[in-house]
Amino acid sequence: MFYSLLLILQLYRLAFAHKIIVVGGGPNGLHSSLKILEASDKSEVKLLEFRLNFDRPQVVRMPYSSIFKLPEEVKDKLFSDTESVYMDDVLGPRKKTDPWFWPNSNDQLWNSPVLKYLPKIRIGNLQEAIYNHISTDFKFKNRFTRIPGQCTVEDFVKHCETFKPDLVLICTGKDSDKNKFTEEIRHFLNTSQGLPEEVPKKGNRSENEENQVGIYMTFAAKALDNYMRGSEILAMKSGIGYFASNDANKSVQVYSFPHQDLPNLFKGMPQCFKTDAAYITDCLTLSGTTRKREVTQESTTWLLSNYAPVVKKILQEYNVEVPEDSNICVFYGPRYEYYYENVAKTYTYGKGQECKTIPILFMGDSAGGTDYRLGLSLSRGMKLMELLGDIMKKEGITSALTHIGTTYSKMWATVLKTEFNQNNPRLRYKPNMVYRYALEGRTVDGVEINDTHPIALITKG
Ligand SMILES: Cc1cc2nc3c(=O)[nH]c(=O)nc-3n(C[C@H](O)[C@H](O)[C@H](O)COP(=O)(O)OP(=O)(O)OC[C@H]3O[C@@H](n4cnc5c(N)ncnc54)[C@H](O)[C@@H]3O)c2cc1C
């Protein structure tokens, strides 16, 4: 009797379930899955992800409100509760309940770089914490499935035919040499419009494009430090913005671009750095020892005699030491923002009466939109999904799904208008960005920053 009842309940749930396919289980795919599962107990998520382990070491910055709204269990995994213990996944030995963990009300917003206001988490830990939560929490029982393997466009079509989703989220990030799914699915859905001509193609850069490209250099710092201090001043004056420091493993990323003394250096950059727009990992130390990959004599000379000394000298002026035995990795990266114009599309599957037209949304890096200093595409994806989740909760998922594509497109249009390519060569922090990704929802000096708070009125511009 009990089992029959369970079976009936299960069949009932299946008949009325809202089915969502999420392609890609990066931070955006997992966060989106969580938001959808939380939005309705009738939602079911199938996540297609080909990585077996979540072990990516980069530190990612996230909007305050998105991380604050994560389930307690997830936050417990990410933040230390012991002030004396330095967790390797959190940049600061503070308790998550300590208001000083979040804001730093000693700093005047306008006198300090705002980056420090963004919570930062090791990417793999964030993925693992969310994944474990959605696969084990009782609330999501039988509503979340992970399908391993690399999804192709044919798989996508097949999954739609068999699973009959009401919504698909593409969260497959930026393409790599081995995986071109984002480009292929965009081509398949005829939604590739954006600014591809502004994205330099490997080995095919014009003189003009070269001026828009910068160099990433990473090295291991000697001690834990917050290398974000003064970053805005550095970026403005010297052509160096060193914004990403990973206190977990002491690695520092320095980003330099053609400005002040640096354009001449860029002119002499060896071809191998230009065409290999990828990490040349563990390649050199300042004392000239090479590791792992082979680098040409030309590039060694350029790095050690030209590039590194200039960058080192500038950094020294700001008390940032590049240790002699540090591994220096250099790679070439675009320094402007780029994005796709369309982030929502409809897709029709099935035949005859079974035929169904559904929305497909591109989130996070697959929507494009990287920012060379803030790394904002993750933040934007999380923030926008958080808003979509709120709408689903408020008006019910059935109603929300009828206009989710239009709603998301409108949100994206606002993002494009307010945040991208502001004709400002240094991409200064736009007030609206500061509000949305760093401040909204935060309590500073006991007062929550919301739309009516004086800081919000200034930062929303
Ligand atoms: C080398 C590198 C260093 C970075 N460093 C920093 C940093 O220091 N700080 C920072 O804030 N940001 C950094 N970023 C940016 C940050 O990692 C991204 O903004 C963020 O990861 C975007 O999340 P996402 O979920 O949109 O995409 P991704 O993280 O790219 O996730 C996409 C997921 O989809 C999966 N996938 C892709 N194709 C398929 C397919 N065909 N089938 C199944 N699964 C698929 C992938 O396995 C992956 O898990 C870095 C990015 C890179 C590439």
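The structure presented is a predicted model; accordingly, all values stated were derived computationally and were not measured. (Residues numbered from 1 in each chain as written. Predicted model: local features only at pLDDT ≥ 70, side-chain atom pairs only at ≥ 80, totals over all residues.)

Draft legend 1. How the structure looks around the overall build of the protein chain. When helices and strands are counted, the protein chain shows 16 helices and 15 strands. Counting across all 461 residues of the protein chain, residues that qualify as buried make up 39%. A separation of at least 24 residues holds for 71% of the contacts in the protein chain among residues at least 6 apart in sequence. (Helix = DSSP H or I, 4+ residues; strand = E, 2+ residues; numbered from the N terminus. Buried ≥ 20, exposed ≤ 12 C-beta atoms within 10 Å, placed from the backbone. Contact = placed C-beta atoms within 7 Å.)

Draft legend 2. Structural detail: helix α13 (residues 376–395). The terminal C-alpha atoms of α13 lie 29 Å apart, and with 20 residues this matches the ideal 28 Å at 1.5 Å per residue to within 8%. Directly beyond the C-terminal end of α13, a positive phi value near 95° is found at Gly396. (Expected span 1.5 Å × (residues − 1).)

Draft legend 3. Fine view of the pairing of strand β6 (residues 167–170). By the alternation rule, side chains of β6 split into Leu167 and Leu169 and Val168 and Ile170, which are all buried. Bridge analysis of β6 against strand β13 (residues 356–362) gives 3 bridges, and the strand direction is parallel. Note on β13: the bridge partner recorded for Leu169 is Leu361. (Pairing = 2+ DSSP bridges.)

Draft legend 4. A look at the confidence of the model for the protein chain. For the protein chain, the mean per-residue pLDDT works out to 73, and 58% of the residues sit at or above 70. Averaged pLDDT values over the elements of the protein chain bottom out at 46 in helix α8 (residues 207–210) and peak at 98 in β6. Throughout residues 195–211 the model reports pLDDT below 50, and contacts reaching past four residues in sequence, or to other chains, amount to 18 contacts. Long-range and interchain partners of residues 275–283, a stretch whose pLDDT sits below 50, account for 26 contacts in this model, where long-range means more than four residues apart. (pLDDT = per-residue confidence, 0-100.)

Draft legend 5. How the structure looks around unusual backbone geometry. For Asn142, which is not glycine, the phi torsion reads 65° and is therefore positive. Considering the arrangement of structural elements, one finds Asn142 in the loop between α5 (123–136) and β5 (144–148).

Draft legend 6. A look at the packing of helix α2 (residues 27–39) against α5. Running from amino to carboxyl end, α2 crosses α5 at an angle of 30°, the nearest separation of the two axes being 9 Å. If you check the angle between α2 and α5, you find them roughly parallel. Note on packing geometry: the crossing formed by α2 with α5 is left-handed. Along the contact surface, α2 presents Pro27, Leu30, His31, Ser33, Leu34 and Leu37, while α5 presents Ile123, Leu126, Gln127, Ile130, Tyr131 and Ile134. The class makeup of the residues in the contact of α2 with α5 is 9 nonpolar, 3 polar and no charged. (Axes fitted to C-alpha atoms, helices over the stretch in contact; angles between N-to-C directions. Parallel < 35°, antiparallel > 145°, perpendicular 65-115°, else oblique. Left-handed = near helix turned anticlockwise from the far one by under 90°. Nonpolar A, V, L, I, M, F, W, Y, C, P; charged D, E, K, R; others polar.)

Draft legend 7. Local environment of the nonpolar core. If you look at the biggest cluster of nonpolar residues, it comprises 67 residues, and the most contacted ones within it are Val22, Val23, Ile130, Val168, Leu169 and Ile170. Take this core: its biggest share by element is 7 residues, from α13. Residues Val252, Val254, Leu303 and Val311 belong to the second largest nonpolar core, which totals 13 residues. (Core = buried A, V, L, I, M, F, W, Y, C linked by C-beta atoms within 7 Å.)

Draft legend 8. Looking closely at the sheet that holds β5. Spatially, 6 strands are ordered β5-β2-β1-β6-β13-β12 in an open sheet, and the strand pairing comes out mixed. Taken across any chain shown, the strands that pair with only one partner, and hence form the sheet edges, are β5 and β12 (344–349). Strand-to-strand twist in this sheet, taken as the mean axis angle between neighbours without regard to direction, amounts to 20°. Direction of pairing for strand β1 (residues 18–23) relative to β6: parallel, over a ladder of 4 bridges. Residue pairing across strands places Ile21 opposite Val168, the latter belonging to β6.

Draft legend 9. Local environment of the pairing of strand β2 (residues 43–49). In terms of burial, β2 is largely enclosed, as 6 of its 7 residues are buried. As paired elements, β1 and β2 share 6 bridges and run parallel to each other. Bridge pairing in β2 places Val23 opposite Leu48. Chirality of the crossover, the property in question, places the unit of β1, α2 and β2 among those that are right-handed. Here β2 pairs with β5 via 5 bridges, running parallel. Looking at the pairing, Lys46 lines up with Thr145 of β5. (Right-handed = clockwise from strand over helix to strand, strands pointing away.)

Draft legend 10. Just the packing of α13 against helix α14 (residues 397–419), in detail. Closest axis-to-axis distance for the α13/α14 pair is 10 Å, and the angle between their directions is 150°. By the criterion of interaxial angle, the relationship of α13 to α14 is roughly antiparallel. Relative to α14, α13 is oriented so that their crossing is right-handed. Together, Arg380, Leu384, Leu387, Leu388, Ile391, Met392 and Glu395 of α13 and Ile397, Ser399, Ala400, Ile404, Thr407, Tyr408, Met411 and Val415 of α14 make up the contact between the two elements. Looking at side-chain class alone, the contact of α13 with α14 contains 11 nonpolar, 2 polar and 2 charged residues.

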